[in-house]
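# Geometric and topological summary
Here is how the chains run, residue by residue.
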Amino acid sequence: MSQSSSFPLSKFNLLLGGVAKSRLYKETIFLYQRLIISTGFVPNFITLHILLNCFSGLGRVSDGFLVLGVLLRKGYDVNIVTFNSLVKGLCAGGRNDEAFKLFEKMSVFGCVPNDVTYGTLIHGFCRSGDFGVALKLHEEIGDNGNGEFSDVSKNQETDDAVSLLRKIICNGIKPTVVTSNTIMSSFFRSGKVSEAQKLLGEMRKHDVVANMETYCMIMDGLCKNVYNPLIDGLCKTGKLKDAWWVFNRLSDRGLVPDVITYSIMIHELCKEGKLDKANDMLFEMEKKGCAPNIIIFNTLMHSFCENNEMQSLVDLLNKMAARNLSPNDFTIYIVVDMLSKVDNYHEYFELIPQFPVRKAIVEHFKKN
């Protein structure tokens, strides 16, 4: 097949990119080899870049450097994304010194390291216990140096981030509030509430002034990690009055219920058959700026369907459509269940809003 094939290189790149994004690196390389041979395509910058990322992702950094050589020979301008991929591959393989050498050579190619570069390197050196290099990199970033903590925390390497923070403090470097907030966020995400509270104490000890983001994070973290599990536990053990008592006192503690809190309470109200009150809570959460998710809509709609309140179900479907909230498989099941229960299902079908659920339902009825 020649390059004038009806399957253009742009589509080939999209296909390769899609497989690579799913981290199916071996499959991407195999697909590349098969299609290049069968089509006769000459790979362009995008094709080669996808291939380089795959080699780095597999730890085959030497092959990645070979692709880099091809890119340079073809006259392509390599960018920071190219180097970040190679640095990540080297650090993942424990080759931190080589990654650092590559980092130092980036300027030769007109590339300036960014937060991702620094974050990858600091994460790598923290893992190997080379805190001295990690500290130097932190100092080099200066006042803009908080990307490394974000990168470490997003990869759930909280211990590395905390170790580096302690080393920074021991070396007389004052951490910024942004750095502290990032680590505190990672504590809350991993459920380490007591560690987050200790960090707040450390901030005060080292004269790091907490900002509005810090306090919002604390309130959100406490709600998700303390009060939501408590309310859920009370509901599951049949102590609904106690659950309501805790829920109603969240505001007294300066906490705002989130979508999970409302989801727990609405589910319990539906289970108790208090559908009007559950529906009122949907209005209440929206009024307070908390957007309901598909789980809450499905919970209410399923309860209305079970109670044969079909018009209320349709009203909720329309609210979903108005909020551009996409239905899932359970939504389709609920609607199909509703249509199978009513004699005038054609009339109700016409009331269903125009989103993908209609097509799915039509296909369901054609099969059955």
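Scroll up to find the structure this text is about.
Calculation rules
- Residues numbered from 1 in each chain as written.
- Predicted model: local features only at pLDDT ≥ 70, side-chain atom pairs only at ≥ 80, totals over all residues.
- Heavy atoms only, no water.
- Axes fitted to C-alpha atoms, helices over the stretch in contact; angles between N-to-C directions.
- Helix = DSSP H or I, 4+ residues; strand = E, 2+ residues; numbered from the N terminus.
- Parallel < 35°, antiparallel > 145°, perpendicular 65-115°, else oblique.
- Left-handed = near helix turned anticlockwise from the far one by under 90°.
- Contact = heavy atoms within 4.5 Å.
- Buried < 20%, exposed > 50% of the residue type's maximum accessible area, 1.4 Å probe, protein only.
- Nonpolar A, V, L, I, M, F, W, Y, C, P; charged D, E, K, R; others polar.
- Core = buried A, V, L, I, M, F, W, Y, C linked by side-chain atoms within 4.5 Å.

### Quick notes on the packing of helix 12 (residues 193–205) against helix 13 (residues 212–236)
In helix packing, the relevant descriptors are the interaxial angle and the interaxial distance, both defined with respect to the helix axes. It is at 10 Å that the axes of helix 12 and helix 13 come closest, and there the two elements cross at 160°. It follows that helix 12 is roughly antiparallel to helix 13 by the angle criterion. Note on packing geometry: the crossing formed by helix 12 with helix 13 is left-handed. Only Thr-214, Ile-218, Leu-222, Asn-225 and Val-226 of helix 13 make contact with helix 12, whose side of the interface consists of Val-193, Gln-197, Leu-200 and Met-203.

### Some thoughts on the environment of Ser-128
Mapped onto the fold, Ser-128 is located in the loop between helix 7 (115–127) and helix 8 (131–141). Residue classification places Ser-128 among the partly exposed residues on the basis of a relative accessible area of 39%. In sequence terms Ser-128 and Arg-95 are 33 residues apart; their C-alpha atoms lie 9.9 Å from each other.

### Re the packing of helix 3 (residues 45–57) against helix 5 (residues 80–92)
The contact between helix 3 and helix 5 brings their axes to 8 Å, and the two run at 15°. Between helix 3 and helix 5, the interaxial angle falls into the category roughly parallel. In this structure, helix 3 meets helix 5 at a crossing whose hand is left-handed. Residues His-49, Leu-52, Asn-53 and Ser-56 of helix 3 pack against Val-81, Thr-82, Ser-85, Leu-86 and Gly-89 of helix 5. Among the residues making up the contact of helix 3 with helix 5, the classes are represented as three nonpolar, six polar and no charged.

### Brief notes about unusual backbone geometry
Only a minority of non-glycine residues have a phi that is not negative, and only a minority of peptide bonds are not trans. Phi at Arg-23 is positive, roughly 65°, even though this residue is not glycine. One can find Arg-23 in the loop between helix 1 (9–21) and helix 2 (25–39). Residue Arg-23 is classed as exposed on the basis of its relative accessible area of 64%.

### A closer look at the nonpolar core
Taken as a class, soluble globular proteins show a tendency for nonpolar side chains to be buried jointly. Grouped together as the largest cluster of nonpolar side chains are 44 residues, with contacts concentrated most on Ile-231, Leu-300 and Met-338. Looking at this core, the element that brings in the most residues is helix 17 (residues 294–306), giving seven residues. Excluding anything up to four places from it in sequence, Ile-231 contacts Ala-243, Val-246, Phe-247, Leu-250, Thr-261, Ile-264 and Met-265. Counting residues in each nonpolar core, the second largest holds 36 residues, with Ile-50, Ile-80, Ala-99 and Cys-111 among its members.

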